[in-house]
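Topology and contacts: notes
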Amino acid sequence: GSRQMKGRLGTINTPEGKILCEAIGMERSKIPMLLVNGGPCGSRINLMDTIGGMLADRPVISYSQMNSPGSVPNSRTDSSYWTLEYYTEEIERVRYALDIEKMIIFGHSWGGGLALNYAALHPDRCAGIVAGSPLVRAADWARDTAKRLEEIRPEVNEFVEGIRKSMPEIQGDMLKDVSAKAEEALFIARYQDAHLTPTLYLRYLLGQRKENSLPEGKEVYQYMWGQNEYDITGTLKDMNITGILREINVPVLFVCGEYDEILPDTVIGYSKMVPQGSFHVVKEGTHTFFNCMTKEEYAKFSERIHSWTENIDEHISPSALLSGQGSR
């Protein structure tokens, strides 16, 4: 992969198109941290602003998955490479283009699954992984989100009942639609991103989701995952990489929010399958636990991730990281 890095931002040319890449502090001597966002094809900016800022003592790299904002695919509609294999290989392309010998990967959600998959395929390139609420087995996701939906069911029913009483003209399929949108709005606010409040209800109800103008990356999300977080209808519905967890021979710190889409017990279960697995829960945190931590939780997580990464730094000699030492 060729690269044209101009300062912190550059592009990596690949057969599928151009990947936008951002690299900060490449002159720092610690092991670089590569951030891999969720989605598939969600925004990379969020992790860069939060985790990138938290780990400002080492090189931090972020990139746009092909078809997500910032990348320039040759075709927006060619779904032939919308696969776990391709998006895992994309991580290797970024590493190769930046000439990094070994890196720590922080993967969130779908990106957590990619990071784990990458470590199993390229054990010599990966020094450690932070797996934030990772997608490991889609069936676990379906089961856990179904439990979360049960938790909010009474509130959704109450909301829909209020609509039915105050607006009798809304009934039948229309009422079903209101109910589905209210459920999704409350689910997102409660378990996905606490930045968003259930006034999302109104945004949904006012029909801002024009089906004919999908935002960038959404076509991949719908193809691989589905219309929302809990109705898994896409090509990843049978995804299951639990089998590789035992083979991963680097430290893996699993993290999730207390009120995550995936239940903490599920993530603890994954951490026990990895020989050097450990676990951290962000109290009060949602799926995007890095977004809205309390001061106290931020301090705890920051301390944990720094001591964990420094421990990895100490076990890998700096000479192994020098550019050009056989990384090609």
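Residues numbered from 1 in each chain as written. Predicted model: local features only at pLDDT ≥ 70, side-chain atom pairs only at ≥ 80, totals over all residues. Heavy atoms only, no water.

What to know about the overall build of the protein
Rule in force here: The way it works is that DSSP assigns letters per residue, a run of H or I at least four long becomes a helix, a run of E at least two long becomes a strand, and they are numbered from the N terminus. For the exposure calls, accessible area comes from a 1.4 Å probe over protein chains only, and a residue counts as buried if that area is under 20% of its type's maximum, exposed if over 50%, partly exposed in between. Contacts are residue-level and defined by heavy atoms, with any inter-residue pair within 4.5 Å sufficient. Only the protein chains shown count as cover for residues, and all accessible areas are computed by the Shrake-Rupley method using a 1.4 Å probe.
Looking only at helices and strands, the protein has 10 helices and 10 strands in total. When each of the 328 residues of the protein is scored for burial, the buried share is 54%. Taking as baseline every contact in the protein between residues at least 6 positions apart, the subset at least 24 positions apart corresponds to 73%. Entry remark: accessible area of the protein is about 14500 Å², with carbon and sulfur atoms responsible for 53%.

Description of the packing of aromatic side chains
The geometry of an aromatic ring pair comes down to the distance between the two centres and the angle between the two planes. The line we're drawing: Whether two aromatic rings pair depends on their centres lying within 6.5 Å, for rings of Phe, Tyr and Trp, where Trp uses its six-membered ring; planes under 30 degrees apart make the pair stacked, over 60 edge-to-face, and the rest tilted.
This model, assessed by the stated rule, comprises nine aromatic pairs. Centre to centre, the rings of Phe187 and Tyr230 are 4.9 Å apart; their planes meet at 65°, and the pair counts as edge-to-face. Placement of Phe187 in helix 5 (residues 173-192) and of Tyr230 in the loop between helix 7 (218-224) and helix 8 (242-245) is noted, with a sequence separation of 43 residues between them. Residue Phe187 shares its accessibility class with Tyr230, and that shared class is buried.

Quick look at the packing of helix 2 (residues 84-97) against helix 3 (residues 110-121)
Condition: Inter-axis angles, ranging from 0 to 180 degrees, are taken between N-to-C directions of lines fitted to C-alpha atoms, where helices are fitted over the stretch in contact. Geometric relationships in this document are graded by angle, where less than 35 degrees denotes roughly parallel, more than 145 denotes roughly antiparallel, 65 to 115 denotes roughly perpendicular, and other angles denote oblique. Any residue that is not Ala, Val, Leu, Ile, Met, Phe, Trp, Tyr, Cys, Pro, Asp, Glu, Lys or Arg is counted as polar, Gly included; the first ten are nonpolar and the last four charged.
Between helix 2 and helix 3, the shortest axis-to-axis distance is 9 Å and the interhelical angle comes to 70°. With respect to helix 3, the element helix 2 is oriented roughly perpendicular. Between helix 2 and helix 3, the residues in contact are Leu84, Tyr87, Thr88, Ile91, Glu92 and Arg95 and Trp110, Leu114, Ala115, Asn117, Tyr118 and Leu121, respectively. Classifying every residue of the contact of helix 2 with helix 3 gives eight nonpolar, two polar and two charged.

As for the nonpolar core
What counts, and what does not: Joining through side-chain atoms within 4.5 Å is the link that ties buried Ala, Val, Leu, Ile, Met, Phe, Trp, Tyr and Cys residues into a set, and such a set is a nonpolar core.
Core analysis: the biggest nonpolar cluster contains 54 residues, and Tyr87, Ile91 and Leu116 have the highest contact counts within it. In contact with Leu116, not counting residues within four places along its chain, are Ile129, Ala131, Pro134, Val136, Ile241, Ile244, Leu245, Ile248, Val252 and Phe254. In this structure, Ile104, Val130, Leu253 and Ile305 belong to the second largest nonpolar core, which totals 24 residues.

Let's talk about unusual backbone geometry
Excluding glycine, residues mostly carry a negative phi; peptide bonds, for their part, are mostly trans. Here Gly39 and Pro40 are connected by a cis peptide whose omega angle stands at -5°. Along the polypeptide, Pro40 turns up in the loop between strand 4 (33-36) and helix 1 (45-54). Even without being glycine, Ser109 reaches a positive phi, approximately 60°. Here Ser109 is to be found in the loop between strand 7 (103-108) and helix 3. Positive phi values are uncommon outside glycine, yet Glu284 reaches one of about 70°. Note that Glu284 resides in the loop between strand 10 (277-282) and helix 10 (295-315). Classification of Glu284 by relative accessible area gives exposed; the value is 55%.

Some thoughts on the confidence of the model for the protein
Our working definition: Think of pLDDT as the predictor's per-residue confidence, scored from 0 to 100.
On average, residues of the protein score 90 in pLDDT, and 89% of them are at 70 or above. Per-residue pLDDT stays below 50 along residues 1-6; that stretch engages in 19 contacts with residues further than four places along the chain or on separate chains. Here residues 323-328 is a poorly scored stretch, pLDDT under 50, and it has 16 contacts once near neighbours within four places are set aside; other chains count.

Observations concerning the environment of Asp140
Just so we agree on the cut-off: Polar contact is defined as a pair of N or O atoms within 3.5 Å, subject to the rule that within protein one atom must be able to donate a hydrogen and the other to accept it, and that residues adjacent in sequence are counted only when both atoms are side-chain atoms.
Residue position: Asp140 is located in helix 4 (residues 138-166). Sequence separation between Asp140 and Val267 is 127 residues; the distance between their C-alpha atoms is 9.9 Å. Every residue in contact with Asp140, bar those within four places of it in the chain, is listed here: Thr266 and Tyr270. Within the structure, Asp140 has its side chain in polar contact with the side chain of Tyr270 (distance 2.6 Å).

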